[in-house]
Amino acid sequence: MGLWILESRSMEHVPGTTRYFDDPERPQAATSTTAGLKCDTSGPVPIILVPQPSDDPNDPLNWPLWKRDVILFILSIVSIFATCLGPILAANTLTLSLFFFTKFTQIAILTGWFLLGVGVAAIFFVPSARIWGKRHLYIIGTVIIIISSAWAGASGKNYSSLIAARVFQGIGTAPFETLVNAAVGDLYFVHERGKRMALTNLAVFGSAFFTPILVGKITHTIGWPWTFYFVAIFTGLCLPLVIFFVPETAFRRSSHLNIDLASSDDVRLFHKEEGVTIGHAQVNGLENGNGTELHAHPHTFEPHFTGAGTPKRSYVETLMPFSGRKSDENFLKLLLRPFPLFAHPGIMWACLIQGTMIGWTVFIGIILGAVFLGPPLFWDEVQTGYAYTGAFIGAIFGFIVAGVLSDWSAKFLTRKNSGIYEPEFRIVLVIPQLLFGCAGLYLFGVTASELINYSWVLPVLAFGLQVGGMVIGAVAASLYLVDAHRDIAIEAFTCTIIFKNFFSFGLTFSAYNWLVKAGAFKTFMWISSIQVVVCLLSIPMYIFGKRNRAFFHRHDILKACGLTSQTQKENRPHVTTI
């Protein structure tokens, strides 16, 4: 048992567990598990590249780091404009209620329709991404956001038209909420993902909190339709960047190179041993990530890499929205794949850690108007928008904490674990989520219910703490899914998107009723306590996570439902005994 993580009783090597750091004092050929594997030797300690890149020049893992970072940066920028559409109406609750002559709940439901659009679209976009890649969905999503945002701004007094525009805005946002985090797994090795995952989560979940700060002032100055027009304009400026600088990141990599996904039965497929041949390759040497050739000792194991003779695609070819099928699976089969995964404890844990806190964030955003617009403060939409300053600072704070702790904690715990990396090390990030996020929820409930006795600064501070905890939890859940279940990462992220959007959609119908019937204090004491219980579920997940991975590798829930990916089977190398 390493660092309180229980070992599997039935498998020697569990998918997700890797030798993260190589010993700098030990030759590469010293053991069969690290013989000749490609390494990043740019730092003081050589780090084995996980997953192993192929020799194909079109493999995204072989692209320069600056190119991969530019791609992720562009996707993050578009994600900011896409996801800002979620809370874009938060500061305008009273304004729109008077404009449409309707109740606060009906304005809150406009946010719910957006969330519903994201959740439903994600179900269909994920199988499309698995079969044809992600690039066409990024382009389609960007175009839909531009059109639907202009539509929403021009909807006028037609409430039904605004509802329809909000649904389409959700559809356009879905590729960015669903696929950008999964693209981190496409573009980066395990040891490079932490800060990048924090950046994408900040873009997808955190930066949206800057929107209401601007929206209140924009509404007060030139009218609420311009909040949508500006999104259409800036997203339109991003469209050429997506078209010309974001190539396809999905890649059909031979499964034996995914050493983080290998089981004890698969480890032997990485190597060529006496009496065993893998394909027709005869490997004598191997270059690591910095061009240093690593030689395996005679009569020991040597890895087998593929794609060396593949020609590099031209720039014009990379501009095509499609670059061939990434999977030979049936669309309907892939459409159904996420739903059985809700019975997977690891994925359900990620849904709860990420989804519930996002739901409470939506909840606070919905009722913020009632809290600050009413007595004793009587704030207008500008001041209510400025109240989101705390949430934005909290998102930045969460980004910094997650960025600093994610990779550092993984490396620290890996060293303590004799160089063996376990995905469960990512779960420790839930500790700051528990401390900051739950403290923020409790503090908001106490202070928002007694604004006569407490300064408005306290609920704003509480909102910031809650959002900071949300970002940290989103990073923890995302990293765990990518590292522990990368073979089903897209489906897993789909589960989190479906859960958090349908959960939040339900809250938009209930928020004001709960507030009226129970009051802010009692409502938030329940919400806060529920979130504490959700965070405490991380303790058994950390302890039993490795056994859970082993169990579901041996008892594949997708295979039991007849939804196993045939592509993974076809990519497995053929082994023949001489």
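Each remark here, short or long, concerns the structure printed above.
Note that the structure is a prediction, hence the values are computed from the model and not measured. (Residues numbered from 1 in each chain as written. Predicted model: local features only at pLDDT ≥ 70, side-chain atom pairs only at ≥ 80, totals over all residues. Heavy atoms only, no water.)

Undergrad: Describe the overall build of the protein chain, and please don't skip the residues or the numbers.
TA: When helices and strands are tallied, the protein chain shows 19 helices and eight strands. Considering the protein chain as a whole, with its 578 residues, one finds that 60% of them fall into the buried category. For the protein chain, the proportion of contacts with a sequence separation of at least 24, taken over those separated by at least 6, is 83%. Carbon and sulfur atoms provide 67% of the accessible area of the protein chain, an area that totals close to 22200 Å². (Helix = DSSP H or I, 4+ residues; strand = E, 2+ residues; numbered from the N terminus. Buried < 20%, exposed > 50% of the residue type's maximum accessible area, 1.4 Å probe, protein only. Contact = heavy atoms within 4.5 Å. Areas by Shrake-Rupley, 256 points an atom, 1.4 Å probe, with all protein chains shown as cover.)

Undergrad: Quick one: what's the story with the side chain of Thr 219, residue by residue and with numbers?
TA: With respect to the helices, strands and loops of the structure, Thr 219 is situated in helix H7 (residues 211-222). The exposure class assigned to Thr 219 is buried, which follows from its relative accessible area of 8%. Apart from the residues lying within four places of it in its own chain, the contact partners of Thr 219 are Asn 92, Thr 95, Trp 224, Thr 227 and Glu 381.

Undergrad: Requested: an account of the environment of Ser 529, with residues and values cited.
TA: Looking at where Ser 529 falls in the secondary structure, it is placed in helix H16 (residues 489-536). Residues Ser 529 and Cys 438 lie 91 residues apart in sequence; the distance between their C-alpha atoms is 8.0 Å. At 2.8 Å, the side chain of Ser 529 forms a polar contact with the backbone oxygen of Met 525. (Polar contact = N/O pair within 3.5 Å; in protein donor to acceptor, adjacent residues only side chain to side chain.)

Undergrad: Could you give an account of the packing of H7 against helix H8 (residues 225-245), naming the residues involved and the relevant values?
TA: Contact geometry for H7 and H8: axes closest at 8 Å, N-to-C directions at 120°. Relative to H8, the element H7 is oriented oblique. Residues Val 215, Ile 218, Thr 219 and Ile 222 of H7 form the contact with H8, whose own contacting residues are Trp 226, Thr 227 and Phe 230. For the contact of H7 with H8, the residue count by class is five nonpolar, two polar and no charged. (Axes fitted to C-alpha atoms, helices over the stretch in contact; angles between N-to-C directions. Parallel < 35°, antiparallel > 145°, perpendicular 65-115°, else oblique. Nonpolar A, V, L, I, M, F, W, Y, C, P; charged D, E, K, R; others polar.)

Undergrad: Run through the pattern of salt bridges, naming residues and quoting values.
TA: Where charged atoms of side chains with opposite charge meet at close range, the side chains can pair. The full count for this structure, using the stated rule, is 15 salt bridges. Here Arg 68 makes a salt bridge to Glu 192, at a shortest N to O gap of 3.1 Å. A residue pair is termed long-range when its members are at least 10 positions apart, and Arg 68 in helix H1 (residues 65-83) and Glu 192 in the loop between helix H5 (159-187) and helix H6 (193-206) qualify at 124 residues. As far as burial versus exposure is concerned, Arg 68 and Glu 192 are alike and both buried. We note a salt bridge from Arg 426 to Asp 483, for which the minimum N-O separation is 2.8 Å. Here the residue Arg 426 occupies a position in the loop between strand E7 (420-421) and helix H14 (430-448), and Asp 483 occupies one in helix H15 (residues 457-484), the gap between them amounting to 57 residues. Comparing Arg 426 with Asp 483, the two get one shared label, buried. Among the ionic contacts, a cluster of salt bridges with common partners joins Glu 7, Glu 422, Glu 424, Lys 546 and Arg 549. (Salt bridge = Lys/Arg side-chain N within 4 Å of Asp/Glu carboxyl O.)

Undergrad: Please give an account of the packing of aromatic side chains that cites residues and values.
TA: This model, assessed by the stated rule, comprises 30 aromatic pairs. A ring pair is formed by Trp 360 and Phe 503, whose centres lie 5.3 Å apart and whose planes are at 80°; its orientation type is edge-to-face. Taken together, the positions of Trp 360 in helix H11 (residues 345-373) and Phe 503 in helix H16 put the pair 143 residues apart, joining distant regions of the chain. Take Trp 360: its relative accessible area is 4%, and that puts it in the buried class. (Phe/Tyr/Trp six-rings, centres within 6.5 Å; stacked < 30°, edge-to-face > 60°.)

Undergrad: Now, about the nonpolar core: what can you tell me, with residues and values included?
TA: Counting residues in each nonpolar core, the largest one holds 138 residues, and the members touching the most others are Tyr 138 and Ile 367. Setting aside its immediate chain neighbours within four residues, Ile 367 contacts Phe 444, Ala 511, Tyr 512, Leu 515 and Phe 524. (Core = buried A, V, L, I, M, F, W, Y, C linked by side-chain atoms within 4.5 Å.)

Undergrad: A description of unusual backbone geometry should follow, citing residues and the corresponding values.
TA: Although it is not a glycine, Trp 4 sits at a positive phi angle of roughly 70°. With respect to the helices and strands, Trp 4 occurs in the segment before strand E1 (18-19). Owing to a relative accessible area of 62%, Trp 4 belongs among the exposed residues under this scheme. Even without being glycine, Ser 418 reaches a positive phi, approximately 60°.

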